[in-house]
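What the coordinates show
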Amino acid sequence: MAGRWPDLGVLELIVGVDDHGSLSAAARQAGIAQPNASRAIRQIERQFGTTLLQRRPTGSTLTPEGTVVAHWARRVLSEAGHLLDVAEGLRTERVAQLRVGASMTVADHLVPGWLGRFRSRYPQVSLHLQVLNSTQVYDRLATGACDIGFVESPTVPTTLGMTTQRSLHSVTVARDRLVVVVHPEHPWARRRKRLTVAELAATPLVVREPGSGTRTTLDVALQEYDAVPPLLELGSAAAIRTSVVAGIGPAVMSTLAVEEQIRSGELKMIDVEGLTLDRRLRAVWCGRRELGGLAGELVRMVRRERGDD
């Protein structure tokens, strides 16, 4: 190899061939023209002194040697990702800023208090909050646009990114429950029998958009039933709450978002037989398992307040 290091972009291409089954698919995913991708692979084949691709008219796939190289390329790319994490952490510390991405329910009802108390401890830190849905939080973490995320989705992936796989870690920072709510004059409010899960699935609901943690939790809970399409899809809990208060239809919402309206009588909570939608709210981050820096301080503060640390 004449002492030369392989190009990380070419290693991403090799991993992409392994992931997507062909060089053309890997090139498309990486945003590289196929002729340029082919030249890059030939160059590294000359550098390694072995054939990595089996070229056929129907497409190029990895040779056995190429599969071995792809395995080790994943490890190299993972470590390179860790290096970028460290460099980003150093940059963040130097400019004393913390970029937080939070899904909407957490952002509306918990994060402002957390950041306020964090700011009182670290007044020199510039805080930037991005209010997103859970899927968008994962996207921001994958691109490095956020240092720490808070999500409410029922499951958390272990890796992010299509080519350079970045390890994703999580820890529970709060708990929440979803409940069915209706206008006090809705027929369900006058029922004597408890609502069944099948009846809930068969009723058009006012829901959040796909990708939100609340929507995903509901979809998972109803996946064994023949659920009907939503009555209305809205982009925030506040908009859904307003719709339910106006009598547009029932919804499944976080107790954090409707606690006050239930207490005042504006909304009626409906029990559903056999359905409990408890969920964990999590802090999520990329890179090393041990979360350090300002993001680590924020998560440790939140967990200490909850009694977990």
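Residues numbered from 1 in each chain as written. Predicted model: local features only at pLDDT ≥ 70, side-chain atom pairs only at ≥ 80, totals over all residues. Heavy atoms only, no water.

**Regarding the overall build of the chain**
Here is the rule we go by: Numbering of helices and strands runs from the N terminus, with a helix taken as a DSSP run of H or I at least four residues long and a strand as a DSSP run of E at least two residues long. For every residue, the accessible area obtained with a 1.4 Å probe (protein chains only) is divided by the maximum for its type, and the residue is called buried under 20%, exposed over 50%, and partly exposed between those limits. Here, residues are in contact when the closest pair of their heavy atoms is within 4.5 Å. Think of it this way: Lys and Arg go in the positive column, Asp and Glu in the negative one, and His and the chain ends go nowhere. The atom standing in for a charge is NZ when the residue is Lys, CZ when it is Arg, CG when it is Asp and CD when it is Glu.
When helices and strands are tallied, the chain shows 12 helices and 14 strands. Along the longest, intermediate and shortest principal axes, the C-alpha atoms of the chain span 80 × 50 × 30 Å. Among the 309 residues that make up the chain, the fraction classed as buried is 44%. The long-range share in the chain, meaning contacts at least 24 apart out of those at least 6 apart in sequence, stands at 72%. In the chain, 38 positive and 33 negative side-chain charges are present, and the distance between their average locations comes to 2 Å.

**Things to note about the nonpolar core**
The cut-off we apply is this: Residue types Ala, Val, Leu, Ile, Met, Phe, Trp, Tyr and Cys, when buried and joined through side-chain atoms within 4.5 Å, form a set referred to as a nonpolar core.
Grouped together as the largest cluster of nonpolar side chains are 25 residues, with contacts concentrated most on Leu98, Trp114, Ile148, Phe150, Val173 and Leu298. Only strand E3 (97-103), helix H5 (104-109), helix H6 (111-121), strand E5 (148-151), strand E7 (166-182), strand E14 (277-286) and helix H12 (293-306) provide two or more residues apiece to this core. Counting residues per element, this core draws most heavily on H12, at 6 residues. Here isoleucine 148 is in contact with Leu98, Arg99, Val100, Gly101, Leu141, Ala283, Val284, Trp285, Leu291, Ala295, Leu298 and Val299, once residues within four sequence places are set aside. Among the nonpolar cores identified, the runner-up in size contains 20 residues, and Val10, Ala40, Leu52 and Leu77 belong to it.

**Notes on the pairing of strand E2 (residues 59-62)**
Short version of the rule: If DSSP finds at least two bridges between two strands, the strands pair.
Burial of the side chains of E2 is restricted to one face: Ser60 and Leu62 are buried, whereas none of Gly59 and Thr61 on the reverse face is. Direction of pairing for strand E1 (residues 53-56) relative to E2: antiparallel, over a ladder of 4 bridges. Paired with arginine 55 across the strands is serine 60, a residue of E2. Hairpin connection of E1 to E2: 2 residues between the antiparallel strands.

**Focus on the state of the cysteines**
Here, disulfide denotes a covalent bond that connects the sulfur atoms of two cysteines. Basically, it comes down to this: The term disulfide is used for any two cysteine sulfur atoms that are within 2.5 Å.
Scanning all chains against the criterion turns up 0 disulfides. Cysteine 286 takes part in no disulfide bond, and the closest cysteine sulfur, belonging to cysteine 146, lies 10 Å away.

**Some details on the packing of aromatic side chains**
Keep this limit in mind: Here a Phe, Tyr or Trp ring, Trp counted by its six-membered ring, pairs with any other such ring whose centre lies within 6.5 Å, and the pair is stacked when the planes are under 30 degrees apart, edge-to-face when over 60, and tilted otherwise.
What the rule picks out here adds up to 2 aromatic pairs. Both rings, one in tryptophan 114 and one in phenylalanine 150, keep their centres 5.1 Å apart while their planes meet at 55°; by these two values the pair is tilted. Remark: phenylalanine 150 occurs in strand E5 and tryptophan 114 occurs in helix H6; sequence separation between them is 36 residues. Comparing tryptophan 114 with phenylalanine 150, the two get one shared label, buried. Seen from their ring centres, phenylalanine 118 and tyrosine 122 are 4.8 Å apart, and the 35° between their planes marks the pair as tilted. You can call phenylalanine 118 buried: its relative accessible area is 0%.

**Observations concerning the pairing of E5**
On a regular strand, each side chain points to the face opposite its neighbour's, so the side chains alternate between the two faces of the sheet. Every second residue of E5 is oriented toward a common face, with Ile148 and Phe150 on one face and Gly149 and Val151 on the other, all of them buried. By the bridge criterion, 3 bridges tie E5 to E14 in an arrangement that is antiparallel. Opposite glycine 149, over in E14, you have valine 284 as the bridge partner.

**Things to note about the packing of helix H2 (residues 23-30) against helix H3 (residues 34-48)**
Heads up, the rule is: Fitted lines through C-alpha atoms serve as axes, helices being fitted only where they are in contact, and the angles separating the N-to-C directions of these axes extend from 0 to 180 degrees. Oblique is the label for any angle not under 35 degrees, not over 145, and not in the 65 to 115 range, which are roughly parallel, roughly antiparallel and roughly perpendicular in turn. Whether a crossing is left-handed or right-handed is set by the direction in which the near helix is turned from the far one by less than a right angle, anticlockwise for left-handed and clockwise for right-handed. Think of it as three bins: nonpolar holds Ala, Val, Leu, Ile, Met, Phe, Trp, Tyr, Cys and Pro, charged holds Asp, Glu, Lys and Arg, and polar takes everything else, Gly as well.
Where H2 contacts H3, the two axes come as close as 9 Å, and the packing angle between them is 110°. Relative to H3, the element H2 lies roughly perpendicular. Once H2 is placed against H3, the crossing between them reads as right-handed. Contacts between H2 and H3 involve Leu23, Ser24 and Ala27 on the former and, on the latter, Gln34, Ala37, Ser38 and Ile41. Looking at the contact of H2 with H3 residue by residue, the classes come out as 4 nonpolar, 3 polar and no charged.

**Description of a nonpolar patch on the surface**
Rule in force here: Surface patches are defined over residues having more than 30% relative accessible area and no salt bridge, joining like charges when they lie within 9 Å and nonpolar side chains (Val, Leu, Ile, Met, Phe, Trp, Tyr) when within 5 Å. Only the protein chains shown count as cover for residues, with accessible areas throughout obtained via the Shrake-Rupley method and a probe of 1.4 Å. A pairing counts as a salt bridge when a side-chain nitrogen of Lys or Arg comes within 4 Å of a carboxyl oxygen of Asp or Glu.
Together, Leu231, Leu232 and Ile248 make up an exposed nonpolar region whose accessible area comes to about 240 Å². With respect to the helices and strands, the residue leucine 232 is situated in strand E10 (residues 232-234). Its relative accessible area of 31% is what places leucine 232 among the partly exposed residues.

**Some remarks on the pattern of salt bridges**
Note that side chains of opposite charge can pair when their charged atoms are close. Scanning the entire structure with this criterion turns up 13 salt bridges. One salt bridge in this structure joins glutamate 233 and arginine 215, with 3.1 Å as the shortest N-O distance. Highlighted residues: glutamate 233 in strand E10 and arginine 215 in helix H9 (residues 213-221), separated in sequence by 18 residues.

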